Amino acid sequence: MDNKEKNRKKKIKVILGICIALFLLLGGGLLVYIHKVDTDTLGRKITIYGLDVSGQNVEKAGQTIRKAFQDKKVVFREDGSQVYQTTVGELGYSLDEGTLQSALTVLKQQRDQTRTFLASWKNYEIEYQVNKDETAEQSALTEDHFGEKERTEAQNAEIRYSKKKKKFVIVNQVAGTQIDEERLRNYVDKTLEAEFQDKLLTGEVKIDLNQQAYKQPSVKASKELKKELKSLNGQLKKYRKATITYTFGNTTETLDSQTVNSWISIQGTKIVIDQEQAGAFISQLANKYNTIYVPRTFHTSMGTDVTVEDNEYGYRIDQSGELSQLLTDLKSGKDVVREPVYSSKGMQRNGTDDLAGSYIEVSLDAQHLWLYKDGGLVTETDIVSGAPTEERHTYTGAWPIAYKASPFTLTSDVYGYDTKVKYWMPFVYGQGLHDAPWQSAFGGNRYKTGNGSHGCINLPEEEAAIIYENIDGGYPIIIY
(Lines give C-alpha, C1' and ligand atoms only; values in the text may rest on other atoms or scores of the structure.)
Protein backbone atom coordinates (compact mmCIF):
# COMPACT_ATOMS: atom_id res chain seq x y z
CA MET A 1 0.00 0.00 0.00
CA ASP A 2 1.56 3.23 -1.04
CA ASN A 3 1.69 6.41 0.96
CA LYS A 4 -1.11 8.00 -1.01
CA GLU A 5 -3.54 5.31 -0.10
CA LYS A 6 -2.49 5.49 3.54
CA ASN A 7 -2.99 9.22 3.64
CA ARG A 8 -6.42 8.88 2.05
CA LYS A 9 -7.59 6.35 4.59
CA LYS A 10 -6.20 8.44 7.36
CA LYS A 11 -8.20 11.44 6.16
CA ILE A 12 -11.33 9.39 5.97
CA LYS A 13 -10.89 8.29 9.56
CA VAL A 14 -10.31 11.86 10.67
CA ILE A 15 -13.41 13.11 8.84
CA LEU A 16 -15.45 10.23 10.17
CA GLY A 17 -14.27 10.96 13.67
CA ILE A 18 -15.15 14.62 13.28
CA CYS A 19 -18.59 13.70 11.97
CA ILE A 20 -19.16 11.34 14.85
CA ALA A 21 -18.00 13.99 17.26
CA LEU A 22 -20.26 16.59 15.66
CA PHE A 23 -23.21 14.20 15.71
CA LEU A 24 -22.62 13.44 19.33
CA LEU A 25 -22.27 17.14 20.04
CA LEU A 26 -25.44 18.04 18.16
CA GLY A 27 -27.36 15.17 19.70
CA GLY A 28 -26.27 16.23 23.10
CA GLY A 29 -27.22 19.80 22.36
CA LEU A 30 -30.60 18.68 21.05
CA LEU A 31 -31.16 16.70 24.19
CA VAL A 32 -30.22 19.71 26.24
CA TYR A 33 -32.50 21.92 24.15
CA ILE A 34 -35.41 19.49 24.38
CA HIS A 35 -34.91 19.18 28.10
CA LYS A 36 -34.81 22.94 28.50
CA VAL A 37 -37.90 23.49 26.32
CA ASP A 38 -39.82 20.77 28.10
CA THR A 39 -38.71 22.08 31.47
CA ASP A 40 -39.16 25.82 31.02
CA THR A 41 -42.16 25.96 28.64
CA LEU A 42 -45.41 24.23 27.90
CA GLY A 43 -43.44 21.99 25.59
CA ARG A 44 -43.15 21.11 21.96
CA LYS A 45 -45.92 20.65 19.40
CA ILE A 46 -48.73 22.04 21.53
CA THR A 47 -51.81 24.02 20.48
CA ILE A 48 -54.52 25.45 22.68
CA TYR A 49 -57.88 25.79 20.97
CA GLY A 50 -55.96 25.45 17.70
CA LEU A 51 -53.42 28.19 18.51
CA ASP A 52 -49.71 27.15 18.40
CA VAL A 53 -47.99 28.01 21.70
CA SER A 54 -45.07 25.61 21.35
CA GLY A 55 -41.97 26.62 23.30
CA GLN A 56 -43.80 29.36 25.20
CA ASN A 57 -43.80 29.53 28.92
CA VAL A 58 -46.98 30.06 30.93
CA GLU A 59 -46.71 33.83 30.95
CA LYS A 60 -45.86 34.14 27.25
CA ALA A 61 -48.54 31.65 26.23
CA GLY A 62 -51.09 33.61 28.28
CA GLN A 63 -50.15 36.79 26.44
CA THR A 64 -50.34 35.04 23.08
CA ILE A 65 -53.72 33.53 23.84
CA ARG A 66 -55.24 36.77 25.15
CA LYS A 67 -53.98 38.70 22.12
CA ALA A 68 -55.25 36.08 19.67
CA PHE A 69 -58.63 36.14 21.40
CA GLN A 70 -58.96 39.91 21.29
CA ASP A 71 -57.68 40.13 17.70
CA LYS A 72 -60.20 37.58 16.48
CA LYS A 73 -62.12 39.22 13.64
CA VAL A 74 -65.87 39.70 13.72
CA VAL A 75 -67.42 40.38 10.30
CA PHE A 76 -71.00 41.58 9.92
CA ARG A 77 -72.82 40.90 6.67
CA GLU A 78 -76.16 42.12 5.39
CA ASP A 79 -77.89 41.24 2.15
CA GLY A 80 -74.85 39.17 1.17
CA SER A 81 -72.31 42.00 1.59
CA GLN A 82 -69.90 42.93 4.37
CA VAL A 83 -71.10 46.05 6.18
CA TYR A 84 -68.86 46.20 9.25
CA GLN A 85 -65.71 44.58 10.61
CA THR A 86 -64.40 44.71 14.15
CA THR A 87 -62.66 42.45 16.66
CA VAL A 88 -63.66 40.55 19.73
CA GLY A 89 -61.57 42.96 21.76
CA GLU A 90 -63.20 46.04 20.28
CA LEU A 91 -66.53 44.49 21.20
CA GLY A 92 -65.38 44.60 24.81
CA TYR A 93 -64.48 40.92 25.26
CA SER A 94 -61.34 39.72 26.98
CA LEU A 95 -60.06 36.57 28.67
CA ASP A 96 -59.62 36.75 32.41
CA GLU A 97 -55.87 36.79 33.04
CA GLY A 98 -55.95 35.09 36.43
CA THR A 99 -58.16 32.21 35.28
CA LEU A 100 -56.05 31.73 32.14
CA GLN A 101 -52.72 31.71 34.01
CA SER A 102 -54.04 29.17 36.51
CA ALA A 103 -55.29 26.89 33.73
CA LEU A 104 -51.94 27.11 31.88
CA THR A 105 -50.04 26.35 35.06
CA VAL A 106 -52.11 23.24 35.62
CA LEU A 107 -51.60 22.23 31.98
CA LYS A 108 -47.82 22.60 32.33
CA GLN A 109 -47.82 20.41 35.40
CA GLN A 110 -49.78 17.74 33.52
CA ARG A 111 -47.41 17.96 30.60
CA ASP A 112 -44.36 17.69 32.89
CA GLN A 113 -45.60 14.31 34.05
CA THR A 114 -46.05 12.93 30.55
CA ARG A 115 -42.87 14.07 28.74
CA THR A 116 -41.62 11.94 25.84
CA PHE A 117 -38.60 12.38 23.66
CA LEU A 118 -40.59 12.03 20.51
CA ALA A 119 -43.32 14.69 20.79
CA SER A 120 -46.46 14.68 18.61
CA TRP A 121 -48.84 17.55 18.01
CA LYS A 122 -51.59 17.81 20.59
CA ASN A 123 -54.41 20.33 21.01
CA TYR A 124 -55.75 21.26 24.43
CA GLU A 125 -58.87 22.93 25.69
CA ILE A 126 -58.45 24.61 29.02
CA GLU A 127 -60.67 26.45 31.42
CA TYR A 128 -61.19 30.11 30.70
CA GLN A 129 -63.38 32.98 31.72
CA VAL A 130 -64.63 35.65 29.36
CA ASN A 131 -64.98 39.16 30.68
CA LYS A 132 -67.04 41.79 28.89
CA ASP A 133 -66.97 45.58 28.97
CA GLU A 134 -70.59 46.57 28.41
CA THR A 135 -69.71 50.17 27.59
CA ALA A 136 -67.21 49.11 24.92
CA GLU A 137 -69.73 46.75 23.37
CA GLN A 138 -72.39 49.46 23.25
CA SER A 139 -69.95 51.83 21.52
CA ALA A 140 -68.96 49.19 18.97
CA LEU A 141 -72.52 48.17 18.11
CA THR A 142 -74.30 51.45 17.43
CA GLU A 143 -76.48 51.65 14.32
CA ASP A 144 -74.21 54.13 12.58
CA HIS A 145 -71.53 51.44 12.18
CA PHE A 146 -73.69 49.50 9.75
CA GLY A 147 -73.60 51.50 6.57
CA GLU A 148 -75.96 54.02 5.04
CA LYS A 149 -78.67 51.61 3.99
CA GLU A 150 -82.14 53.15 3.97
CA ARG A 151 -83.95 51.20 6.65
CA THR A 152 -87.65 50.63 7.06
CA GLU A 153 -89.56 50.84 10.31
CA ALA A 154 -91.33 47.85 11.79
CA GLN A 155 -95.11 48.19 11.76
CA ASN A 156 -97.30 46.88 14.53
CA ALA A 157 -100.27 44.67 13.92
CA GLU A 158 -103.38 46.73 14.43
CA ILE A 159 -107.11 46.76 14.11
CA ARG A 160 -108.49 49.02 11.41
CA TYR A 161 -111.93 49.68 10.05
CA SER A 162 -112.40 48.58 6.44
CA LYS A 163 -114.89 50.77 4.61
CA LYS A 164 -114.99 48.17 1.85
CA LYS A 165 -115.84 45.30 4.19
CA LYS A 166 -117.80 47.55 6.56
CA LYS A 167 -116.20 45.96 9.56
CA PHE A 168 -113.00 45.96 11.61
CA VAL A 169 -110.09 43.86 10.33
CA ILE A 170 -106.59 43.00 11.56
CA VAL A 171 -103.66 44.39 9.61
CA ASN A 172 -100.73 42.06 10.33
CA GLN A 173 -97.42 43.24 11.66
CA VAL A 174 -94.58 44.03 9.22
CA ALA A 175 -90.92 43.43 10.10
CA GLY A 176 -88.63 46.36 9.34
CA THR A 177 -84.86 46.65 8.95
CA GLN A 178 -84.06 49.24 11.57
CA ILE A 179 -81.40 48.02 13.95
CA ASP A 180 -82.43 47.50 17.54
CA GLU A 181 -79.15 48.01 19.38
CA GLU A 182 -80.19 46.01 22.41
CA ARG A 183 -81.39 43.09 20.29
CA LEU A 184 -78.18 43.35 18.25
CA ARG A 185 -76.02 43.10 21.38
CA ASN A 186 -77.96 40.07 22.57
CA TYR A 187 -77.65 38.49 19.13
CA VAL A 188 -73.89 39.13 19.05
CA ASP A 189 -73.45 37.79 22.59
CA LYS A 190 -75.32 34.62 21.71
CA THR A 191 -73.37 34.14 18.47
CA LEU A 192 -69.98 34.70 20.12
CA GLU A 193 -70.83 32.40 23.01
CA ALA A 194 -71.46 29.59 20.54
CA GLU A 195 -68.34 30.52 18.55
CA PHE A 196 -66.09 30.45 21.62
CA GLN A 197 -67.13 26.90 22.44
CA ASP A 198 -65.81 25.63 19.11
CA LYS A 199 -63.24 28.16 17.93
CA LEU A 200 -62.06 30.25 20.81
CA LEU A 201 -58.87 31.56 19.24
CA THR A 202 -58.85 30.77 15.53
CA GLY A 203 -60.80 31.78 12.48
CA GLU A 204 -63.14 34.75 12.19
CA VAL A 205 -66.73 35.18 13.29
CA LYS A 206 -69.30 35.89 10.60
CA ILE A 207 -72.59 37.39 11.72
CA ASP A 208 -75.48 37.94 9.33
CA LEU A 209 -77.76 40.83 10.23
CA ASN A 210 -81.36 39.62 10.22
CA GLN A 211 -84.56 39.82 12.22
CA GLN A 212 -82.66 38.85 15.36
CA ALA A 213 -80.98 42.26 15.20
CA TYR A 214 -83.84 44.35 13.82
CA LYS A 215 -86.49 46.24 15.72
CA GLN A 216 -89.56 44.09 16.04
CA PRO A 217 -93.23 45.09 16.00
CA SER A 218 -94.34 45.49 19.60
CA VAL A 219 -97.87 44.36 18.74
CA LYS A 220 -98.50 41.14 16.84
CA ALA A 221 -101.66 39.47 15.59
CA SER A 222 -102.16 37.66 18.87
CA LYS A 223 -105.13 35.86 20.37
CA GLU A 224 -105.79 38.96 22.46
CA LEU A 225 -105.93 41.16 19.34
CA LYS A 226 -108.27 38.72 17.64
CA LYS A 227 -110.44 38.70 20.74
CA GLU A 228 -110.59 42.49 20.66
CA LEU A 229 -111.48 42.36 16.95
CA LYS A 230 -114.35 39.99 17.65
CA SER A 231 -115.60 42.23 20.43
CA LEU A 232 -115.48 45.36 18.25
CA ASN A 233 -117.32 43.76 15.34
CA GLY A 234 -119.85 42.31 17.76
CA GLN A 235 -120.50 45.73 19.25
CA LEU A 236 -120.72 47.31 15.80
CA LYS A 237 -123.31 44.71 14.81
CA LYS A 238 -125.33 45.48 17.93
CA TYR A 239 -125.36 49.20 17.19
CA ARG A 240 -126.42 48.58 13.60
CA LYS A 241 -129.45 46.49 14.48
CA ALA A 242 -130.65 48.36 17.59
CA THR A 243 -134.07 50.02 17.60
CA ILE A 244 -135.87 51.90 20.35
CA THR A 245 -139.62 52.31 20.42
CA TYR A 246 -140.81 55.09 22.72
CA THR A 247 -144.28 54.76 24.16
CA PHE A 248 -146.49 57.75 24.92
CA GLY A 249 -149.55 55.90 26.09
CA ASN A 250 -150.98 54.26 22.96
CA THR A 251 -148.84 56.45 20.71
CA THR A 252 -145.32 55.31 19.76
CA GLU A 253 -142.24 56.86 18.16
CA THR A 254 -139.54 54.51 16.79
CA LEU A 255 -135.86 55.25 16.48
CA ASP A 256 -135.01 52.84 13.66
CA SER A 257 -131.70 51.16 12.89
CA GLN A 258 -131.22 53.22 9.73
CA THR A 259 -131.23 56.43 11.76
CA VAL A 260 -128.93 54.90 14.36
CA ASN A 261 -126.51 53.87 11.60
CA SER A 262 -126.37 57.47 10.38
CA TRP A 263 -125.13 58.45 13.85
CA ILE A 264 -122.26 55.95 13.90
CA SER A 265 -118.71 57.00 13.12
CA ILE A 266 -115.47 55.05 13.50
CA GLN A 267 -112.56 56.82 15.15
CA GLY A 268 -109.59 54.46 15.19
CA THR A 269 -110.90 51.47 17.08
CA LYS A 270 -113.68 53.41 18.75
CA ILE A 271 -117.30 53.13 17.71
CA VAL A 272 -118.72 56.59 18.34
CA ILE A 273 -122.36 57.57 18.46
CA ASP A 274 -122.81 61.20 17.45
CA GLN A 275 -124.29 62.55 20.65
CA GLU A 276 -125.15 65.84 18.99
CA GLN A 277 -127.45 64.04 16.53
CA ALA A 278 -128.82 61.79 19.27
CA GLY A 279 -129.45 64.86 21.41
CA ALA A 280 -131.23 66.59 18.53
CA PHE A 281 -133.51 63.57 18.13
CA ILE A 282 -134.35 63.64 21.85
CA SER A 283 -134.94 67.39 21.67
CA GLN A 284 -137.47 66.83 18.88
CA LEU A 285 -139.26 64.26 21.04
CA ALA A 286 -139.30 66.69 23.94
CA ASN A 287 -140.67 69.52 21.81
CA LYS A 288 -143.43 67.28 20.56
CA TYR A 289 -144.38 65.42 23.73
CA ASN A 290 -143.48 67.67 26.67
CA THR A 291 -146.70 68.98 28.21
CA ILE A 292 -145.58 70.75 31.39
CA TYR A 293 -144.31 74.33 31.77
CA VAL A 294 -145.76 75.37 28.42
CA PRO A 295 -149.07 77.21 27.80
CA ARG A 296 -151.86 74.63 27.80
CA THR A 297 -154.81 74.93 25.41
CA PHE A 298 -157.80 73.23 26.96
CA HIS A 299 -161.21 72.45 25.52
CA THR A 300 -163.74 73.19 28.25
CA SER A 301 -166.90 71.36 29.16
CA MET A 302 -168.77 74.41 27.90
CA GLY A 303 -167.39 73.89 24.39
CA THR A 304 -164.85 76.71 24.30
CA ASP A 305 -161.05 76.62 24.19
CA VAL A 306 -159.01 78.39 26.85
CA THR A 307 -155.26 78.77 27.27
CA VAL A 308 -153.84 78.17 30.73
CA GLU A 309 -150.49 79.87 31.30
CA ASP A 310 -149.49 78.47 34.70
CA ASN A 311 -149.14 74.87 33.65
CA GLU A 312 -147.36 72.75 36.22
CA TYR A 313 -148.98 69.46 35.36
CA GLY A 314 -147.77 66.98 32.80
CA TYR A 315 -144.72 65.29 31.31
CA ARG A 316 -141.22 66.49 30.70
CA ILE A 317 -138.42 64.41 29.16
CA ASP A 318 -135.13 64.49 31.06
CA GLN A 319 -133.02 65.05 27.96
CA SER A 320 -129.68 64.39 29.67
CA GLY A 321 -130.98 61.27 31.39
CA GLU A 322 -132.67 60.08 28.21
CA LEU A 323 -129.44 60.51 26.22
CA SER A 324 -127.56 58.39 28.75
CA GLN A 325 -130.24 55.69 28.63
CA LEU A 326 -130.41 55.87 24.85
CA LEU A 327 -126.66 55.23 24.52
CA THR A 328 -126.93 52.30 26.92
CA ASP A 329 -129.86 50.82 24.97
CA LEU A 330 -128.08 51.19 21.64
CA LYS A 331 -125.01 49.45 23.03
CA SER A 332 -127.13 46.47 24.06
CA GLY A 333 -128.18 45.88 20.46
CA LYS A 334 -131.70 44.95 21.53
CA ASP A 335 -135.08 46.11 20.31
CA VAL A 336 -136.16 48.22 23.27
CA VAL A 337 -139.72 49.34 23.97
CA ARG A 338 -140.10 51.85 26.80
CA GLU A 339 -141.17 55.26 27.98
CA PRO A 340 -138.67 58.10 27.71
CA VAL A 341 -136.75 59.05 30.83
CA TYR A 342 -138.89 61.75 32.45
CA SER A 343 -137.93 64.47 34.90
CA SER A 344 -141.63 65.09 35.49
CA LYS A 345 -144.61 62.81 34.89
CA GLY A 346 -148.35 63.18 34.80
CA MET A 347 -150.85 60.51 35.73
CA GLN A 348 -151.40 59.08 32.26
CA ARG A 349 -151.19 60.09 28.63
CA ASN A 350 -152.09 59.24 25.09
CA GLY A 351 -149.60 60.89 22.78
CA THR A 352 -149.60 64.61 23.40
CA ASP A 353 -152.81 64.33 25.45
CA ASP A 354 -151.65 64.04 29.05
CA LEU A 355 -155.17 64.05 30.48
CA ALA A 356 -156.50 61.05 28.56
CA GLY A 357 -160.03 61.71 29.79
CA SER A 358 -159.20 61.86 33.52
CA TYR A 359 -159.08 65.31 35.11
CA ILE A 360 -160.82 67.85 37.32
CA GLU A 361 -162.02 70.98 35.54
CA VAL A 362 -162.90 74.17 37.38
CA SER A 363 -164.42 77.29 35.82
CA LEU A 364 -164.07 80.24 38.16
CA ASP A 365 -166.43 82.39 36.10
CA ALA A 366 -169.09 79.68 36.13
CA GLN A 367 -168.23 78.66 39.70
CA HIS A 368 -168.56 75.09 38.59
CA LEU A 369 -166.47 71.89 38.78
CA TRP A 370 -166.48 68.76 36.61
CA LEU A 371 -164.75 65.44 37.45
CA TYR A 372 -163.91 63.23 34.47
CA LYS A 373 -162.45 59.74 34.67
CA ASP A 374 -161.39 57.64 31.67
CA GLY A 375 -163.41 59.90 29.41
CA GLY A 376 -166.64 59.76 31.40
CA LEU A 377 -168.18 62.42 33.62
CA VAL A 378 -168.20 61.16 37.19
CA THR A 379 -169.82 64.21 38.79
CA GLU A 380 -170.17 67.95 38.50
CA THR A 381 -171.05 70.54 41.10
CA ASP A 382 -171.24 74.22 41.87
CA ILE A 383 -168.44 75.59 44.02
CA VAL A 384 -167.32 78.59 45.97
CA SER A 385 -163.82 79.69 45.07
CA GLY A 386 -161.52 82.29 46.55
CA ALA A 387 -162.69 85.85 46.83
CA PRO A 388 -161.62 87.84 43.75
CA THR A 389 -159.00 89.91 45.54
CA GLU A 390 -155.24 89.98 45.21
CA GLU A 391 -154.79 88.22 48.55
CA ARG A 392 -157.57 85.62 48.31
CA HIS A 393 -158.14 84.70 44.67
CA THR A 394 -157.90 81.10 43.52
CA TYR A 395 -154.89 80.49 41.28
CA THR A 396 -155.63 79.61 37.69
CA GLY A 397 -153.48 76.97 36.04
CA ALA A 398 -152.97 73.23 35.79
CA TRP A 399 -151.51 71.19 38.65
CA PRO A 400 -151.45 67.68 40.03
CA ILE A 401 -153.38 66.99 43.24
CA ALA A 402 -150.55 66.74 45.77
CA TYR A 403 -152.21 64.17 48.04
CA LYS A 404 -155.51 63.56 49.82
CA ALA A 405 -156.33 63.34 53.52
CA SER A 406 -159.45 62.62 55.55
CA PRO A 407 -160.13 64.16 58.00
CA PHE A 408 -157.92 67.23 57.98
CA THR A 409 -157.56 70.47 59.94
CA LEU A 410 -157.16 73.68 57.94
CA THR A 411 -155.16 76.33 59.78
CA SER A 412 -153.85 79.78 58.96
CA ASP A 413 -151.79 82.08 61.17
CA VAL A 414 -152.40 84.89 58.70
CA TYR A 415 -156.19 84.62 58.68
CA GLY A 416 -156.50 83.09 62.11
CA TYR A 417 -158.64 80.06 61.47
CA ASP A 418 -158.41 76.44 62.63
CA THR A 419 -161.12 74.44 60.89
CA LYS A 420 -161.69 70.70 60.51
CA VAL A 421 -162.91 69.28 57.21
CA LYS A 422 -163.68 65.71 56.15
CA TYR A 423 -161.95 65.79 52.78
CA TRP A 424 -158.77 67.64 51.86
CA MET A 425 -157.18 67.54 48.39
CA PRO A 426 -154.47 70.26 47.99
CA PHE A 427 -153.15 71.31 44.56
CA VAL A 428 -150.88 74.40 44.82
CA TYR A 429 -149.59 77.06 47.26
CA GLY A 430 -151.74 75.83 50.15
CA GLN A 431 -154.91 75.88 48.10
CA GLY A 432 -157.02 72.77 47.67
CA LEU A 433 -160.40 71.15 47.29
CA HIS A 434 -162.39 70.48 50.44
CA ASP A 435 -165.89 70.25 51.85
CA ALA A 436 -167.23 73.47 53.43
CA PRO A 437 -170.18 72.89 55.81
CA TRP A 438 -170.18 76.60 56.64
CA GLN A 439 -171.28 77.49 53.12
CA SER A 440 -175.12 77.69 52.95
CA ALA A 441 -175.07 77.49 49.14
CA PHE A 442 -172.70 77.08 46.20
CA GLY A 443 -172.30 78.67 42.78
CA GLY A 444 -173.50 81.99 41.46
CA ASN A 445 -171.67 85.08 42.66
CA ARG A 446 -171.34 84.10 46.31
CA TYR A 447 -167.51 84.16 45.96
CA LYS A 448 -167.82 87.88 45.10
CA THR A 449 -170.28 88.84 47.86
CA GLY A 450 -168.34 88.06 51.00
CA ASN A 451 -168.56 84.26 50.96
CA GLY A 452 -165.44 83.63 48.90
CA SER A 453 -162.72 81.43 50.40
CA HIS A 454 -159.11 82.30 51.02
CA GLY A 455 -158.22 80.56 47.72
CA CYS A 456 -159.48 77.04 48.30
CA ILE A 457 -162.33 75.56 46.28
CA ASN A 458 -165.25 74.89 48.62
CA LEU A 459 -167.45 71.89 47.76
CA PRO A 460 -170.66 70.39 49.02
CA GLU A 461 -169.77 67.54 51.34
CA GLU A 462 -171.37 64.79 49.23
CA GLU A 463 -169.56 66.04 46.11
CA ALA A 464 -166.27 66.30 47.99
CA ALA A 465 -166.75 62.67 49.06
CA ILE A 466 -167.32 61.54 45.46
CA ILE A 467 -164.26 63.38 44.24
CA TYR A 468 -162.16 62.09 47.15
CA GLU A 469 -163.09 58.47 46.40
CA ASN A 470 -162.32 58.75 42.69
CA ILE A 471 -158.93 60.45 42.68
CA ASP A 472 -155.47 59.97 44.12
CA GLY A 473 -152.35 62.05 44.41
CA GLY A 474 -151.18 63.13 40.93
CA TYR A 475 -154.68 63.58 39.51
CA PRO A 476 -154.75 66.68 37.24
CA ILE A 477 -156.84 69.72 38.03
CA ILE A 478 -157.27 72.56 35.57
CA ILE A 479 -158.58 75.89 36.81
CA TYR A 480 -159.38 78.75 34.47
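Presented here is an overview of the structure given in this document. (Residues numbered from 1 in each chain as written. Predicted model: local features only at pLDDT ≥ 70, side-chain atom pairs only at ≥ 80, totals over all residues. Heavy atoms only, no water.)

Observations concerning the overall build of the protein chain
This is how the line gets drawn: In this text, helices come from DSSP runs of H or I with a minimum length of four residues, and strands from runs of E with a minimum of two, each type numbered from the N-terminal end. It is over C-alpha atoms that the radius of gyration is taken, and the globule rule equals 2.2 Å times the number of residues to the power 0.38. Classification of residues uses two cut-offs on accessible area relative to the type maximum, computed with a 1.4 Å probe and protein chains only: under 20% is buried, over 50% is exposed, and between them is partly exposed. The criterion used for residue contact is that any of the two residues' heavy atoms lie within 4.5 Å. Here the accessible surface of atoms and residues is derived via Shrake-Rupley with a 1.4 Å probe, and residues count as covered only by protein chains that are part of the display. Counted charges follow a simple rule, with Lys and Arg positive, Asp and Glu negative, and His plus the chain ends left uncounted. In plain terms, the charge of a residue is placed at NZ if it is Lys, CZ if Arg, CG if Asp and CD if Glu.
Scanning the protein chain for helices and strands turns up 10 helices and 29 strands. Taken over C-alpha atoms, the radius of gyration comes to 55 Å for the protein chain, far larger than the 23 Å a tight globule of 480 residues would show. Over its C-alpha atoms, taken along the principal directions, the protein chain stretches across nearly 200 × 50 × 30 Å. The buried share among the 480 residues of the protein chain stands at 40%. Intrachain contacts of the protein chain at a sequence separation of at least 6 include 67% that bridge at least 24 residues. Only carbon and sulfur atoms are counted for the fraction: they give 48% of the accessible area of the protein chain, which is about 27,000 Å². Counting 60 positive and 65 negative side-chain charges, the protein chain places the averaged centre of each group 20 Å from the other.

Looking at the pairing of strand β4 (residues 81-87)
For clarity, the threshold we go by: At least two DSSP bridges between two strands are required for those strands to pair.
Where strand β3 (residues 73-78) meets β4, six bridges bridge the pair, whose relative direction is antiparallel. When the bridges of β4 are listed, V75 appears paired with Q85. What sits between β3 and β4 in their antiparallel hairpin is a turn of two residues, with D79 showing a positive phi close to 55°.

Re helix α10 (residues 461-470)
Within α10 the residues assigned to the buried category are E463, A464, A465, I467 and Y468. Of the surrounding secondary structure, the elements contacted by the buried residues of α10 are β20 (359-363), β21 (368-373), β22 (376-382), β26 (424-428), β27 (431-435) and β28 (457-459).

Here we look at the packing of helix α6 (residues 223-241) against helix α9 (residues 319-332)
To keep it simple, the criterion reads: Fitting a line to C-alpha atoms yields each axis, with helices limited to the stretch in contact; the angle taken between N-to-C directions then spans 0 to 180 degrees. Throughout, the ten residues Ala, Val, Leu, Ile, Met, Phe, Trp, Tyr, Cys and Pro are labelled nonpolar, Asp, Glu, Lys and Arg are labelled charged, and all others, Gly among them, are labelled polar.
With their axes 6 Å apart at the nearest point, α6 and α9 run at an angle of 115° to one another. Counting all contacts with α6, which are made through Q235, K238 and Y239, the residues of α9 involved are L330, K331 and S332. Within the contact of α6 with α9, the residues separate by chemical class into two nonpolar, two polar and two charged.

With respect to the side chain of S162
Condition: N or O atoms within 3.5 Å of each other form a polar contact, as long as, within protein, one can give a hydrogen and the other can take it, and as long as residues adjacent in sequence are counted only when both atoms are side-chain atoms.
Examined against the element boundaries, S162 turns out to sit in strand β8 (residues 158-162). Using a relative accessible area of 15% as the deciding quantity, one classes S162 as buried. A polar contact is formed between the side chain of S162 and the backbone nitrogen of K165, at a distance of 3.0 Å. Excluding anything up to four places from it in sequence, S162 contacts K167 and V169.

Structural notes on unusual backbone geometry
The omega torsion across S406 and P407 is -10°, close enough to zero to call that bond cis. With respect to the helices and strands, the residue P407 is situated in the loop between β23 (397-400) and β24 (408-412). Backbone geometry at Y49 places phi at a positive 50°, although glycine is not the residue there. If you trace the backbone, Y49 turns up in the loop between β1 (46-48) and β2 (51-52). The phi dihedral of D374 falls on the positive side, at around 55°, and the residue is not glycine.

Overview of the pattern of salt bridges
For clarity, the cut-off: By salt bridge we mean one thing: a side-chain nitrogen of Lys or Arg within 4 Å of a carboxyl oxygen of Asp or Glu.
The tally for this structure, following the rule as stated, stands at 19 salt bridges. As a salt-bridge pair, K72 and E195 come within 3.4 Å of each other at their nearest N and O atoms. Residue K72 is located in the loop between α2 (58-71) and β3, and its partner E195 is located in helix α5 (residues 181-198); the two are separated by 123 residues in the primary sequence. A relative accessible area of 17% places E195 in the buried class. Between R151 and E78 there is a salt bridge whose closest N-O contact spans 2.9 Å.

Some points on a positive patch on the surface
Just so we agree on the cut-off: Candidate patch residues must exceed 30% relative accessible area and have no salt bridge, after which like charges are joined if within 9 Å and Val, Leu, Ile, Met, Phe, Trp or Tyr side chains if within 5 Å.
Where like charges cluster on the molecular surface, the positive patch consists of K237, K238, K241, K331 and K334. Per-element accounting of the positive patch gives the leading share, three residues, to α6. For K331, the location among the structural elements is in helix α9.

Focus: the packing of aromatic side chains
Here is the rule we go by: A pair of Phe, Tyr and Trp rings is counted when the ring centres sit within 6.5 Å of each other, with Trp represented by its six-membered ring. The angle between the planes then sorts it: under 30 degrees is stacked, over 60 is edge-to-face, the rest tilted. Either the NZ atom of lysine or the CZ atom of arginine qualifies as a charge over a ring when it sits within 6 Å of the ring centre and within 35 degrees of the ring normal.
Taken as a whole and judged by the stated rule, the model has 18 aromatic pairs. Ring centres 5.4 Å apart and planes at 70° place the aromatic pair Y161 and F168 in the edge-to-face group. Its relative accessible area of 25% is what places Y161 among the partly exposed residues. Consider the rings of F248 and Y289, whose centres lie 3.7 Å apart with planes at 5°: the pair is stacked. Separated by 41 residues along the polypeptide, F248 in strand β11 (residues 243-248) and Y289 in helix α8 (residues 275-289) bring together distant segments of the chain. Assessed through its relative accessible area of 2%, Y289 is described here as buried. Members of the aromatic cluster, connected to one another through ring pairs, are F298, Y359, Y372 and Y480. Its guanidinium or amino end placed over the ring of Y315, R349 lies 4.4 Å from that ring's centre, counting from NZ or CZ.

Description of α6
Using the following cut-off: A helix's residues, less one, multiplied by 1.5 Å, set its expected span. The directions considered for the arc are those from the helix axis to the C-beta atoms.
The end-to-end C-alpha separation of α6 is 27 Å, in line with the 27 Å expected for 19 residues at 1.5 Å each. Every buried residue of α6 is listed here: L225, L229, L232, Q235, L236 and Y239. Burial along α6 is one-sided: seen end-on, the buried residues are contained in an arc of 135°. Across α6 from its buried face, at more than 90 degrees, point the exposed residues K223, K227, K230, S231 and K237.

As for the environment of E158
For E158, the location among the structural elements is in strand β8. Between the C-alpha atoms of E158 and Q235, which are 77 residues apart in sequence, the distance is 18 Å. Residues in contact with E158, not counting those within four places in the same chain, are V169, I170, V171 and L225. A distance of 2.5 Å separates polar atoms of two side chains, one belonging to E158 and the other to R160.

Comments concerning the sheet that holds strand β10 (residues 205-208)
Strand order in the open sheet formed by three strands is β4-β3-β10, and the pairing between neighbours is mixed. The strands lining the two open edges of the sheet, one partner per strand, are β4 and β10. The sheet shows a mean angle of 25° between the axes of neighbouring strands, direction not considered. Bridge count between β3 and β10: four bridges; the pairing is parallel.

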